[in-house]
Structures are given as structure tokens and as C-alpha cells.
Amino acid sequence: MRVLIVEDEPYLAEAIRDGLRLEAIAADIAGDGDTALELLGVNSYDIAVLDRDIPGPSGDEIAENIVASGSGMPILMLTAADRLDDKVSGFELGADDYLTKPFELRELVLRLRALDRRRAHNRPPVREIAGLRVDPFRREVYRDGRYVALTRKQFAVLEVLVAAEGGVVSAEELLERAWDFNADPFTNAVRITVSALRKRLGEPWIIATVAGVGYRIDPTPTTGREGRDRG
């Protein structure tokens, strides 16, 4: 299990991280909202542990970002408050569990393992097409047995394309399903992300561009630049 700890009290954050490691739970620390968003964008985590009151984007905003991403990542919120209203608002934001400070590390470990078991029961199926193996639960991609490291956005785009099973997906649909509702419909983010994704997956190019329509996974990819960067 790999956990992201979003906590601005460095001694507490380090104590949690070190304690979790003794329980064979890998943990990264983000001391503010901006760092948390950066780590979420480049790493795959099983659970996020969020302090609500942090510098930069708040824990609530981080939770909203996780929920909007569609990753299904469980969220455990930490707070010094013990009022019912605070807990209700946290759950309404998408939190799966709540822990009030101060707490025993053992209780945190038990809650994390319970969330991980619950997540495993709702595990989405692994999809395979044209040598690609996409595991949404582990957030892992393999091509012909080779692990491919992707950003969260690249993974989201690939997941939509693979789910289409070779069908064409328009840029508008990718924008709707892989970005949040604040995305600019006139942005070139889809084209840029697809181009970067092609390069990450390597040759032969497996994502084909259907001119004027969208993109699809090519079940019989060929080498060369055809369809690679035409947007």
C-alpha cells in the first residue's frame, strides 16, 4: 500500500510516515496543498490522508480534486475538530473516513487497511488490447510486458481510449472524461497529452488519429510517424 500524507505539521507528518513504514505501508509527505497536487499528478497512491487546514489549496480542495479525477482513491481526513458538522461536511466532499487529532498510530493503520480492503472489493477489471495491459486498480500500464510510467492525466486519457476497445473517441469526449468541469473546451490540452502519451508508450505508435474525428487504439500498430502528431 502507498499512502500520501498531506499534513503541514512536519514532526507529526514524519512521525506518521515513519510509523506507517514500520507497518510495511509506504508513505510520501506533502506539507501544503500545492505539493499535494504535484505529487498526485505524478505518482499513484492507494489512499490519501488529508489534513483539512493546510497552506495553499486546502484539504477540502485536494479532496475535491481527487474525487473529480475519477480515480476512486479513498480519502481519510484528519482534523483537530470533533464537531459533527465538520465531519458531515468532510463526508459530503468525498471523504471515506475521518480521524480526529490526537490519535493513536495503531488506529490510523487499522483504518487505512480497512479502506484498502474496501477498495480491493471494488477493483475495476484489467483491460488488455494490442499488447497493452492497463490496470486501473494499481494505476499501472504495461506494453508488451514493459512497464510504462504515466502521469495521472496520461493514464486517464489512455483508460478512456482502451475502454473504447478500438472505437474512436472524440477530443471533446476525452476532455469531458479525463479533465474536470473547469477545463477550457478550446484548449489544446488533449492534443498535447495524446502526443506525450504516444511517446511514453513508444513505437510502433498505438494511438491513431482519425482526422477530424478523434483518437483510437490501433489493434495493429505500425512503425513510422503516420497519425502521430496530427492532433
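Reading the values: rules and limits
- Residues numbered from 1 in each chain as written.
- Predicted model: local features only at pLDDT ≥ 70, side-chain atom pairs only at ≥ 80, totals over all residues.
- Heavy atoms only, no water.
- Helix = DSSP H or I, 4+ residues; strand = E, 2+ residues; numbered from the N terminus.
- Buried < 20%, exposed > 50% of the residue type's maximum accessible area, 1.4 Å probe, protein only.
- Contact = heavy atoms within 4.5 Å.
- Areas by Shrake-Rupley, 256 points an atom, 1.4 Å probe, with all protein chains shown as cover.
- Phe/Tyr/Trp six-rings, centres within 6.5 Å; stacked < 30°, edge-to-face > 60°.
- Pairing = 2+ DSSP bridges.
- Axes fitted to C-alpha atoms, helices over the stretch in contact; angles between N-to-C directions.
- Core = buried A, V, L, I, M, F, W, Y, C linked by side-chain atoms within 4.5 Å.

Within an unreviewed UniProt entry, the label attached to the protein chain reads Two-component system response regulator VanR, and the organism entered is Saccharothrix saharensis.

(A) Just the overall build of the protein chain, in detail. Secondary structure assignment for the protein chain yields eight helices and eleven strands. Scored against the burial criterion, the 231 residues of the protein chain give a buried share of 43%. Intrachain contacts of the protein chain at a sequence separation of at least 6 include 52% that bridge at least 24 residues. Per element, the accessible surface of the protein chain, about 12,000 Å² overall, is 48% carbon and sulfur.

(B) The packing of aromatic side chains, seen in detail. Per the stated rule, a full pass over the model turns up one aromatic pair. Here Tyr142 and Tyr147 contribute two aromatic rings whose centre-to-centre distance is 5.5 Å and whose plane-to-plane angle is 65 degrees, an arrangement assigned as edge-to-face. Under the relative-accessibility criterion, Tyr147 is labelled partly exposed at 46%.

(C) Region of interest: the sheet that holds strand 4 (residues 75-79). Spatial strand order, 2-1-3-4-5: five strands in an open sheet with parallel pairing. Looking along the sheet, the strands with just one partner apiece sit at the ends: strand 2 (26-30) and strand 5 (97-100). Direction aside, the axes of adjacent strands within the sheet are offset by 20 degrees on average. As paired elements, strand 1 (residues 2-6) and strand 2 share five bridges and run parallel to each other. The residue of strand 2 that forms the bridge with Leu4 is Asp28. Those strands touched by helix 3 (residues 59-69) are strand 3 (47-51) and strand 4, and its axis lies near 175 degrees from that of strand 4.

(D) Spotlight on the nonpolar core. Residues Leu132, Val141, Leu158, Leu174, Leu201, Ile207 and Ile217 are the most contacted members of the largest nonpolar core, which totals 27 residues. Val6, Ala36, Leu39 and Leu40 belong to the second-largest nonpolar core, a separate cluster that totals 19 residues.

(E) The pairing of strand 8 (residues 140-143), seen in detail. Of the two faces of strand 8, only the one carrying Val141 and Arg143 is buried; Glu140 and Tyr142 on the other face are not. The pairing of strand 7 (residues 132-135) with strand 8 spans four bridges and is classified as antiparallel. Residue pairing for strand 8: Arg133 is matched across the bridge by Tyr142.

(F) Layout of the sheet that holds strand 8. A sheet is described by the order of its strands in space; here four strands give the open sequence 6-7-8-9, paired in antiparallel fashion. In this open sheet, the two strands that pair with only one neighbour each are strand 6 (127-129) and strand 9 (146-148). Going across the sheet, the axis of each strand differs from the next one's by a mean of 25 degrees, ignoring polarity. As paired strands, strand 8 and strand 9 are joined by three bridges and run antiparallel to one another. In the sheet register, Tyr142 faces strand 9, and the bridge partner there is Tyr147. Along the sheet, helix 6 (residues 152-163) makes contact with strand 6, strand 7 and strand 8, crossing strand 7 at roughly 115 degrees. In this fold helix 8 (residues 189-201) packs onto strand 7, strand 8 and strand 9, with an angle of close to 155 degrees to the strand it touches most, strand 9.

(G) Looking closely at the environment of Trp179. Residue placement: Trp179 occurs in the loop between helix 7 (171-178) and helix 8. For Trp179 and Val190, which are eleven residues apart along the polypeptide, the C-alpha to C-alpha distance reads 9.3 Å. Aside from chain neighbours lying at most four places away, what touches Trp179 is Lys153, Val157, Leu174, Ala189, Val190 and Thr193.

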